[in-house]
Amino acid sequence: MPNNFQASFPLSRPRRLRQNKVIQSINAEISSNIEIDRLIYPVFILAGEKQKIEIKSMPGIYRFSLDELLKELEEICELGINKVALFPVIEQGQKDKTAQEAYNPNNLINTALRVIKKEFPNLCLITDVALDPFTKHGHDGICDENNYILNDETINILVKMALCQAEAGADIIAPSDMMDGRILAIRKALEQNKFHNTLIMAYSAKYASGFYGPFREALSSSLQFGDKTSYQLNPANAKEAEKEILLDINEGADLIMVKPGMPYLDIIYRASQISHLPIIAYSVSGEYSMFKSAALNGYLDERKVVEESILCFRRAGCQAVITYYAKQLALWQK
Ligand code: PBG
């Protein structure tokens, strides 16, 4: 664009385009309507019956036993939400060094998948592939004697885990572990086992973030040593995120995720510029906690700021948002 393209005042008065709601709507670059079918609702599932336990740092968000979860899913389907991401809360006794429970075909998540798929055949089920719910130390992979997370050994387990989930009815497999080469390994295994239509949503640009704190509380998966910086990205890096995204595209990912969400809008924008695949943002647990605590204190207008943040995600270039506010957003639209 030539830099003198813009007529100057008073020929140009940018406020003419903002003078009233009707003109504003012509001027809108994207729709400011909240599209419920662009939201993905994360839910926590726990063993047992008649359990609905609130997560302390996430008021309004619960861990459900399967029977209670089915009621919740019924509600959200009626509200128009058609995608959920499932996260299992594993009992301490079932966690071990090699995460064996992760690829038990009858574990909590796989059992739940079968039931949910049967009850809600049109609900898109997304499952997390990483070992942190299943290891005692809370890391996403298995580690050696120096507590270094082993890449290729972890991938072997992730592949088994992904196959169990696909078998049990997952529509989208979402590897959140950040091991190198896992998308290729999982894609190949899915193809070999004829799961041609099972999608992979790669957590490609997943940062080593403090914003996951409440999630780890929800899963009782807080780290027993170290941090996740030897596999998750440094918040200082953007080019490295682009590298990860391009690698995952080459390895056969169908959807690309950026996580956390709000402090990483530049990464979403970059992702949308370099990728022809849909970009999904994950507005994580800590983001929810921030909105919620400000709202509960009366410091912010909850609905206004949450809806604004969804709009900003869309403007930054993503197609869908994973948000703990999905149900509340749908309720507000009614
Ligand atoms: C596990 C996983 C995490 C989240 C989603 N999958 C935590 C982590 O990597 O430590 C965080 C989600 C949230 O905070 O809402 N790999």
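Before reading on, note that the structure itself is shown above.
What counts and what doesn't
Residues numbered from 1 in each chain as written. Predicted model: local features only at pLDDT ≥ 70, side-chain atom pairs only at ≥ 80, totals over all residues. Heavy atoms only, no water. Helix = DSSP H or I, 4+ residues; strand = E, 2+ residues; numbered from the N terminus. Expected span 1.5 Å × (residues − 1). Buried < 20%, exposed > 50% of the residue type's maximum accessible area, 1.4 Å probe, protein only. Pairing = 2+ DSSP bridges. Lys, Arg positive; Asp, Glu negative; His and termini not counted. Salt bridge = Lys/Arg side-chain N within 4 Å of Asp/Glu carboxyl O. Polar contact = N/O pair within 3.5 Å; in protein donor to acceptor, adjacent residues only side chain to side chain. Contact = heavy atoms within 4.5 Å. Near = heavy atom within 4 Å. Areas by Shrake-Rupley, 256 points an atom, 1.4 Å probe, with all protein chains shown as cover. Nonpolar A, V, L, I, M, F, W, Y, C, P; charged D, E, K, R; others polar. Axes fitted to C-alpha atoms, helices over the stretch in contact; angles between N-to-C directions. Parallel < 35°, antiparallel > 145°, perpendicular 65-115°, else oblique. Left-handed = near helix turned anticlockwise from the far one by under 90°.

> Would you take a moment to explain helix H9 (residues 285-296) for this structure?
Owing to its 3.6 residues per turn, the α-helix aligns residues three or four sequence positions apart on the same side. Its 12 residues give H9 an end-to-end C-alpha distance of 16 Å, which sits within 8% of 16 Å, the value for a rise of 1.5 Å per residue. Most of H9 is tucked away: 9 of the 12 residues are buried. Among the residues of H9, those classed as buried are Ser285, Gly286, Glu287, Tyr288, Ser289, Phe291, Lys292, Ala294 and Ala295. Backbone geometry just downstream of H9 places Gly298 in the positive-phi region, at approximately 75°.

> In this structure, what is going on with the pairing of strand E9 (residues 279-283)? I would like to understand it.
Residues in a regular strand point their side chains to alternate faces of the sheet. The buried count for E9 comes to 5 of 5 residues, which makes it a mostly enclosed element. Across the two faces of E9 the burial is the same, with Ile279, Ala281 and Ser283 and Ile280 and Tyr282 all buried. With 3 bridges joining them, strand E8 (residues 255-259) and E9 adopt parallel strand pairing. The residue of E9 that forms the bridge with Ile256 is Ile279.

> Which parts of the structure should I look at to understand the side chain of Lys83?
With respect to the secondary-structure elements, Lys83 resides in strand E4 (residues 83-89). An unpaired buried charge is present at Lys83: no salt bridge exists, and Asp37, the closest side chain of opposite charge, is 5.8 Å distant. Within polar-contact distance, the side chain of Lys83 engages the side chain of Asn82 at 2.7 Å. Contacts of Lys83, omitting those with residues within four sequence positions, involve Asp37, Arg38, Leu39, Ile40, Tyr41, Leu123 and Cys124.

> Even after reading the chapter, I still don't get the site of the ligand, so can you show me in this structure?
Contacts to the ligand come from 18 residues, most closely from Lys206, Arg216, Lys259, Ser285 and Tyr324. Taking Lys206, its side chain carries an N or O atom lying 2.5 Å from an oxygen atom of the ligand. With the chains in place, 100% of the 400 Å² that the ligand exposes on its own is no longer accessible. Its residues assigned to classes, the shell around the ligand comprises 8 nonpolar, 3 polar and 7 charged.

> What's the story with the side chain of Asn107 in this structure? I'm lost.
Relative to the helices and strands, Asn107 resides in the loop between E4 and helix H3 (108-119). Asn107 sits in the buried class, given a relative accessible area of 0%. Here Ala102 takes part through its backbone oxygen, which lies 3.4 Å from a polar atom of the side chain of Asn107. Setting aside anything within four residues of it in sequence, one finds Asn107 in contact with Glu101, Ala102 and Phe134.

> Looking at this structure, I do not really get the packing of helix H7 (residues 239-250) against helix H8 (residues 265-274). What am I missing?
Packed helices, taken two at a time, are described by the angle between their axes plus the distance between the axes. Where H7 contacts H8, the axes come no closer than 10 Å and their chain directions differ by 45°. Between H7 and H8, the angle falls in the class oblique. Taken as a pair, H7 and H8 cross one another with a handedness that is right-handed. Every residue of H8 that contacts H7 at Lys239, Ala241, Glu242, Ile245 and Leu246 is listed here: Ile267, Arg270, Ala271 and Ile274. Partitioned by chemical class, the residues of the contact of H7 with H8 number 6 nonpolar, no polar and 3 charged.

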